[in-house]
Structure formats: structure tokens, C-alpha cells
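# Coordinate analysis (summary)
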Amino acid sequence: MARKSHQVLRDAARELGIKSVAADMGLSKSLVYKWCEPKLDDLGSGSDNPLDRIRRFYEITQDRELIQWVCELAGCFPVRNPEVTVDDPIPRDHAGIVA
């Protein structure tokens, strides 16, 4: 299963530290700490973080250029996963991977 957004942010900030990241962004440490905690529910200590907001923006607009832009910032290029159904046979060149 994919990591949660707060885990991605926590891991990304690990080397520099939350305090340094917050200072460079001109934000409070407490806000950045909240971004790195799980949002349990309305009573949880976590907060909607930038990754959650980007995901929601994409869900609303379905504009793939948003995702492409984020990928390009990291020097990457997004590649869509192929549409696969349960009845699709595994290609011969991939059969060894799943065997």
C-alpha cells in the first residue's frame, strides 16, 4: 500500500528537520509538525497538508498537468499505469516477475 501523505512529508523533512523546513518556508514549526502527523478525524492533531490539498485539487479538476508539473519539479516524467482488467493475460515478458 502507498504511504500516507503525512508519512511522505515526515520522511522528506527528516534530513533537514522540521524547524529548518518551517523557517525556510516562513511557517510555524507547529503547522509543519501537524502536516507530518496523521489526520485521525476532526479531533485528530494532524492537519490537511499540502499533499492532501494537491490530491484533492486533482480529484476535483482531473487535470493531469497538475501532476505533471509536480513530477517535473523533481526532474521526473509521469507515466500512467496501463488499464488492466482481471481477464487480461500477463504478457510473456512479465510472466517471470509474478511467478
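Right above here is the structure, for reference.
My aim in this report is to walk through the structure given alongside it, one point at a time. (Residues numbered from 1 in each chain as written. Predicted model: local features only at pLDDT ≥ 70, side-chain atom pairs only at ≥ 80, totals over all residues. Heavy atoms only, no water.)

### Re the pattern of salt bridges
Evaluated as defined, the whole model comprises 8 salt bridges. Between Arg55 and Glu59 there is a salt bridge whose closest N-O contact spans 3.9 Å. With Arg55 and Glu59 both in helix H4 (residues 50-61) and 4 residues apart, this pair spans about one turn of that helix. Its relative accessible area of 39% is what places Glu59 among the partly exposed residues. Ionic pairing is found between Arg56 and Glu59, a salt bridge with its closest N-O pair at 3.4 Å. With Arg56 and Glu59 both in helix H4, this residue pair falls 3 residues apart, about one helical turn. Salt bridges sharing partners connect three or more residues here, namely Arg3, Arg10, Asp11 and Arg14. (Salt bridge = Lys/Arg side-chain N within 4 Å of Asp/Glu carboxyl O. Helix = DSSP H or I, 4+ residues; strand = E, 2+ residues; numbered from the N terminus. Buried < 20%, exposed > 50% of the residue type's maximum accessible area, 1.4 Å probe, protein only.)

### Here's the deal with the side chain of His6
Structurally, His6 is set in helix H1 (residues 5-13). Once residues lying within four places of it in the same chain are set aside, the contact partners of His6 are Trp35, Cys36, Glu37, Pro38 and Asn49. (Contact = heavy atoms within 4.5 Å.)

### Considering the nonpolar core
In this structure, Leu9, Ala13, Ile18, Val21, Ala22, Val32, Trp35 and Cys36 together form the largest nonpolar core, which totals 8 residues. Elements with a contribution of two residues or more to this core: H1, helix H2 (18-25) and helix H3 (29-35). Per-element tally for this core: the top contributor is H2, with 3 residues. Among residues more than four places away in sequence, those in contact with Ala13 are Ile18 and Val21. (Core = buried A, V, L, I, M, F, W, Y, C linked by side-chain atoms within 4.5 Å.)

### So, unusual backbone geometry
Within the chain, Gln62 stands out as a residue other than glycine whose phi angle is a positive 55 degrees. Mapped onto the fold, Gln62 is located in the loop between H4 and helix H5 (64-73).

Remember, this is a structural readout, not a statement about activity or role.
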